[in-house]
Amino acid sequence: VQLQASGGGLVQTGGSLRLSCAASGVNIRRYYIAWFRQAPGKEREFVAAIRWSSGYTYYADFAEGRFTIAKDIAKSTVYLQMSSLTPEDTAIYSCAGSSSLITSSIRDSRQYAYWGQGTLVTVSS
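Undergrad: What's the story with the sheet that holds strand 1 (residues 2–6) in this structure? I'm lost.
TA: The pairing of strands in a sheet comes from backbone hydrogen bonds and takes either a parallel or an antiparallel form. The four strands are arranged 1-3-8-7 in an open sheet whose pairing can be described as antiparallel. The open sheet terminates on both sides in strands that have one partner only, identified here as strand 1 and strand 7 (67–72). Across the sheet, the mean angle separating the axes of adjacent strands is 15° when strand polarity is ignored. With six bridges connecting them, strand 3 (residues 17–24) and strand 8 (residues 77–82) associate as antiparallel partners. Bridging from a neighbouring strand, C21 pairs with V78 of strand 8.

Undergrad: Sorry, what's going on with the pairing of strand 11 (residues 119–124) here?
TA: Regular strands place their side chains on alternate faces of the sheet. Side chains T119, V121 and V123 project from strand 11 onto a buried face, and the interleaved L120, T122 and S124 project onto a face without burial. When strand 2 (residues 9–12) meets strand 11, the two strands line up parallel, connected through four bridges. Opposite Q12, over in strand 11, you have S124 as the bridge partner. Judged from the three bridges that link them, strand 9 (residues 91–98) and strand 11 form a sheet pairing that is antiparallel. Among the inter-strand pairings, A91 is bridged to a residue of strand 11, identified as V121.

What counts as what
- Sequence order sets the numbering: in each chain, residues are counted from 1 along the sequence as written.
- Where totals are concerned, whole chains, interfaces and linings use all residues; where local detail is concerned, this predicted model gives features only for residues with pLDDT of at least 70, and gives and counts side-chain atom pairs only at 80 or more.
- Only hydrogens and water are removed before side-chain values are computed, so all heavy atoms of the structure are retained for them.
- In this scheme, strands are said to pair when DSSP sees at least two bridges between them.
- Here a strand is any run of E in DSSP of at least two residues, a helix any run of H or I of at least four, and the numbering for each starts at the N terminus.
- Here an axis means a line fitted to C-alpha atoms, over the contact stretch when the element is a helix, while the angle between two N-to-C directions is reported on a 0 to 180 degree scale.
- Partly exposed residues are those whose accessible area sits between 20% and 50% of the maximum for their type, while under 20% is buried and over 50% is exposed, using a 1.4 Å probe and protein chains only.

The analysis is restricted to geometry; functional conclusions fall outside its scope.
What follows is the structure in structure tokens.
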């Protein structure tokens, strides 16, 4: 599967941004699609994930209530709608795909075999 991330940019504190992850190449229905992020000098961390077939969603604690992950079936695209952004959300956001993982490991980036390029999100204070 090929993943194409987009939508990053510069936003002020409190603002919103929507990231997109377009998938192609395979039948995405078997996949989990996730967003991870990596801030300068920090390790990559899980943000959110969606199981395409069921629509079940999973969130990191910091994302719960502020971020929403959703899918567009017609466009084979996963969106990450982010709101109430703070400078701590500044990072490179990447989408990833996995066709076989167990939900207990959904936050583990090593479980994802397919990665799109990152898109930079900068939140100014």
